[in-house]
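Chains, contacts and geometry: an overview
Residues per chain are reported as follows:
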Amino acid sequence: MSWYNPKSWGLKTEELKSRNIDEVLRSLVSLQNTAAGEPINESTAFRSPTFYAAVSAISRTLASLPLDVIRTDGGESIKDTSHPLYKLLVLRPNEWQSRYEYWATAATSLLVHNVFYAYKNQAPDGRILNLHPLQASNVKPIQNERMELEFEVQRGGVVTVEPQSKIHRVLMLSMDGVNPISPLDKLRESLGLEIAAEKFGAALFEGGAIPKMVIKRQGHFKDTETYNRFIDTFMKAFKNKKGTAVLEDGFDLEKLQMSAEESQFLETRKLQRSVIAGALNISPHRVGDLGRMTFNNVEQLSMEYVTYTILPFLLAIETSISRDLISEADSENIFVKFNVSGLLRGDSKSRQESLKIQREWGIINANEWREFEDMNPIDGEAGEMYLRPLNYTSDSEASDSIAPIIPDPGDEE
């Protein structure tokens, strides 16, 4: 849904004309309200601790990953730092953002809206000079009768229609391949409940949800003035003091207490954390739920985080770059790839054992091992040599090494 488009607010044109701005804004807020009373939109959603933790974790991870521009040449893949795409995606996407800032913005938009848009600022010859991120809620995709995409873009109060050739789009989840499914619409009640529970817990500890004590007395006060005078006198005498309260005439104090489980709503908040984490496809331990976290499964959970949470985002971005940012002339031998090897290294001992096996079986050479460990290569041929077990050889090498059988002349007799 595009919030800047009044037609999407469920109001008729006649109603819009007859309503003032306050009434229209109240109607807009009512669309964002939840049963818990908390309005949810792209700004208020971050009041949910779980939602903020999930978006923060994924966006920071994605923005931190190295991005390589790869050129394939004769079956060999080579990192190409001279290609214009390297400067655009790795060094400086635009005039005001670093690479980290740009990709963190992209990941956040994907998590909040399931889509990310960037405007391609191009030179007259078609070269892409910059990528300018667009607020997803200010972009509306339209598919025309020729099945081509166009985008209504609002910038600075002006709405323009841009062709697909001017927009870089990363789409994560959609029913029709055009319009993204809004996560906030689907998680509205879950986010609202978590925010409301946190507010109620804060009010409880602050003293707004339940009184700290009750003053008991047989009978009742004669009138309201007598009651108010007693309360004022009691509060003046004992508020912010550590002395002992002395009550007469049958008054008694009863202190009210609530257990930690009741006061913090542990089960409710834990359930909401699990629901929101599951909807965002992130392990609960990444958003602070360490209930099933052990020293034995921490590495496995880290691998699952990369495989099932991060990789879908990377694939969506990589494929969209191939479609929108790589020219047709380069499409056969240029592609981009995020490097996740650093996230998959595991602990030092397991990593070295894995590399040792690959080295002994001739899968990697010494320099490839050293590159994986961020070490300088060995000069000369020694670093490029591959080992091979003595008892393994190829069919061709085996046939060459077998001596031909020369019949003994005596056998013919």
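On a predicted model such as this, the values are computed, not experimentally measured, just so you know.

Rules behind the numbers
- Residues numbered from 1 in each chain as written.
- Predicted model: local features only at pLDDT ≥ 70, side-chain atom pairs only at ≥ 80, totals over all residues.
- Heavy atoms only, no water.
- Helix = DSSP H or I, 4+ residues; strand = E, 2+ residues; numbered from the N terminus.
- Buried < 20%, exposed > 50% of the residue type's maximum accessible area, 1.4 Å probe, protein only.
- Core = buried A, V, L, I, M, F, W, Y, C linked by side-chain atoms within 4.5 Å.
- Pairing = 2+ DSSP bridges.
- Axes fitted to C-alpha atoms, helices over the stretch in contact; angles between N-to-C directions.
- Contact = heavy atoms within 4.5 Å.
- Salt bridge = Lys/Arg side-chain N within 4 Å of Asp/Glu carboxyl O.
- Patch = residues over 30% accessible without salt bridge, like charges linked within 9 Å, V, L, I, M, F, W, Y side chains within 5 Å.
- Areas by Shrake-Rupley, 256 points an atom, 1.4 Å probe, with all protein chains shown as cover.

1. Observations regarding unusual backbone geometry
Within the chain, N114 stands out as a residue other than glycine whose phi angle is a positive 70 degrees. Assignment of secondary structure puts N114 in the loop between α5 (99-113) and β3 (115-122). Classification of N114 by relative accessible area gives buried; the value is 11%.

2. Regarding the nonpolar core
Grouped together as the largest cluster of nonpolar side chains are 51 residues, with contacts concentrated most on L85, L89, W103, I282 and I321. Within the second largest apolar cluster, 11 residues are counted, among which are Y117, L134, F151 and V178.

3. Quick look at the sheet that holds strand β4 (residues 128-134)
In space, the three strands of this open sheet follow the order β4-β3-β8, with antiparallel pairing throughout. Pairing within the sheet leaves two strands with one partner each, and these edge strands are β4 and β8 (167-171). Neighbour-to-neighbour, the strand axes of the sheet open up by a mean angle of 25 degrees, direction not taken into account. Taken together, the six bridges between β3 and β4 define a ladder with antiparallel strand orientation. Along β4, the bridge assignment pairs Y119 with H132. Running over the sheet, α5 touches β3, β4 and β8 and is turned about 140 degrees from β3.

4. Examining the pattern of salt bridges
Under the counting rule described, the total for this entry stands at 11 salt bridges. With a closest N to O distance of 3.5 Å, E145 and R146 form a salt bridge. For E145, a relative accessible area of 67% gives the class exposed. R229 is the partner of E225 in a salt bridge, and the nearest nitrogen-oxygen pair spans 3.9 Å. You can see E225 and its partner R229 sitting in helix α8 (residues 224-238), four residues apart, about one turn around the helix. For R229, a relative accessible area of 46% puts it in the partly exposed group. Where salt bridges share partners, they join E145, R146 and E148 into one cluster.

5. Remarks on the environment of Q218
With respect to the secondary-structure elements, Q218 resides in the loop between β9 (213-216) and α8. Among the residues examined, Q218 registers a relative accessible area of 72% and is labelled exposed. Separated by 33 residues in sequence, Q218 and F251 have C-alpha atoms that sit 7.5 Å apart.

6. Describing a nonpolar patch on the surface
Together, I357, W361 and I363 line one region of the surface with nonpolar side chains, adding up to about 340 Å² of accessible area. Structurally, the position occupied by W361 is in the loop between α12 (348-360) and α13 (366-372).

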